[in-house]
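Take a look at the letters that make up each chain.
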Amino acid sequence: MTNTKPTATCRLKQDYMRLKRDPVPYITAEPLPSNILEWHYVIKGPEDSPYYGGYYHGTLLFTKEFPFKPPSIYMTTPNGRFKTNKRLCLSISDFHPDTWNPAWSVATILTGLLSFMLETTPTMGSCETTTYEKRRYAQQSLTFNMKDEVFQELFPEVCEEITERLQQLEEQRKLAASSVESGANGMANGETSANGETPDGGLFVAGRSGAEDSNIWHSLYTNLIVLVGFVVFAFIVHYVIKSINI
């Protein structure tokens, strides 16, 4: 009797065609040209997550028994959610063959992986990091992936996105550096800072000029003369009245 069950190669080819026809949001996947049992994927961090801006590369290793046995799942790019180059314990991985469903495709596996990445449930192969650390990993993922030859070979379009993003970040860095330098030059030329400090650390009073300072001193001097005159006048009046009484 002829065995009509699909082989791993046939099934993976079908899954590949489905992925091309109906891509999974935020995910790109390609098998190695030399080995269809080894797939590489890239997860693009969703906008409403701490992974936004990051690109996360990993692998799926299938056995010849696929789709009757699940694949091993690995993450290559540091991400703050999963340990790198470690088998991940997920319900869709070879850690749990008892929960595996042969009807699940490569698209199903990758969708489940993304869903679990966005959670915080601990499992074997996961790690705990802060939101800040995850965002820092997202920025670092750009240059990290571009150093991987396999990544560049399998995902040229993603590499173009990363290259454009790196150029934008470099332009922003130069612009920020230029703004800081301009501010420093302004301070060196005697301009005040936003908090009213002068280059030598003194405080600048808005609207106060040298002429205004002179006018204030003149006014104080005039008032002092008037006050002294009034005292002298009062003393003379007092003396006159006292003389009349005598």
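Because the structure is predicted, anything quoted here is derived from the model rather than measured.

(A) The confidence of the model for the chain, seen in detail. Residues at a pLDDT of 70 or more form 73% of the chain, whose mean pLDDT is 84. Every residue in residues 192-213 is under pLDDT 50, and counting partners more than four places away or in other chains gives 18 contacts.

(B) Spotlight on the packing of aromatic side chains. Under the definition given, this model contains eight aromatic pairs. When the centroid spacing of 6.2 Å and the interplanar angle of 15° are considered together, the rings of Phe 82 and Phe 116 count as stacked. Of this pair, Phe 82 sits in the loop between β4 (72-75) and α2 (106-117) while Phe 116 sits in helix α2, and the two are 34 residues apart along the sequence. Residue classification places Phe 82 among the buried residues on the basis of a relative accessible area of 2%. Look at Phe 116 and you get buried, because its relative accessible area is 17%. Aromatic pair Trp 100 and Trp 104: ring centres 5.4 Å apart, planes at 85°, arrangement edge-to-face. Of the residues examined, Trp 100 reaches a relative accessible area of 8% and is grouped as buried. A relative accessible area of 25% places Trp 104 in the partly exposed class. Taken together through their ring pairs, the aromatic side chains of Tyr 16, Trp 39, Phe 62, Phe 66, Trp 100 and Trp 104 make up a single cluster.

(C) Seen up close, the environment of Thr 76. Residue placement: Thr 76 occurs in the loop between β4 and α2. Setting aside its immediate chain neighbours within four residues, Thr 76 contacts His 57, Gly 58, Thr 84, Asn 85 and Phe 144.

(D) Quick peek at the layout of surface pockets. Size it by volume and the largest pocket reaches roughly 360 Å³. What lines the largest pocket is a set of 17 residues, among which Tyr 52, Gly 53, Gly 54, Tyr 55 and Arg 165 lie closest to the centre. Elements that contribute at least two residues to the lining of the largest pocket include exactly α3 (131-146) and α5 (156-188). Broken down by element, the residue count for the lining of the largest pocket peaks at four residues, all from α3. Tallied by class, the residues present in the lining of the largest pocket amount to seven nonpolar, five polar and five charged. What lines the second largest pocket is a set of 14 residues, among which Thr 28, Phe 155, Glu 157, Val 158 and Glu 161 lie closest to the centre. Counting residues per element, the ones that place at least two in the lining of the second largest pocket are β1 (27-32), β2 (35-44) and α5. Top element by residues in the lining of the second largest pocket is α5. It accounts for four residues. For the lining of the second largest pocket, the residue count by class is eight nonpolar, one polar and five charged.

What counts, and at which threshold
Positions within a chain are numbered from 1, following the residues in the order the chain's sequence is written. At least 70 in pLDDT is required for a residue's local features to be given in this predicted model, at least 80 for side-chain atom pairs to be given and counted, and no such filter applies to totals for whole chains, interfaces and linings, which use all residues. The side-chain numbers reported here are obtained from all heavy atoms of the structure, hydrogens and water having been left aside. Every residue is assigned a pLDDT by the predictor, reflecting its confidence on a scale from 0 to 100. Contacts are assigned to residue pairs with any non-hydrogen atoms lying within 4.5 Å of each other. Each Phe, Tyr or Trp ring (for Trp, its six-membered ring) is paired with any other whose centre lies within 6.5 Å, and the angle between the two planes then decides the class: stacked below 30 degrees, edge-to-face above 60, tilted in between. Secondary structure follows DSSP: runs of H or I at least 4 residues long count as helices, runs of E at least 2 residues long count as strands, and numbering of each begins at the N terminus. The buried label goes to any residue with under 20% of its type's maximum accessible area, the exposed label to any with over 50%, and the partly exposed label to all in between, with areas taken from a 1.4 Å probe on protein chains only. Here a cavity is any set of points on a 1 Å grid over the protein atoms alone where a 1.4 Å probe fits but cannot get out, and a pocket is any open set with protein on both sides within 12 Å along at least 5 of 7 lines; a residue lines the site when it has an atom within 4 Å of a point. Grid points are joined across faces, edges and corners, and a volume is the space filled by probe spheres set on the points. Just so you know the grouping, Ala, Val, Leu, Ile, Met, Phe, Trp, Tyr, Cys and Pro go in nonpolar, Asp, Glu, Lys and Arg go in charged, and all remaining residues, Gly too, go in polar.

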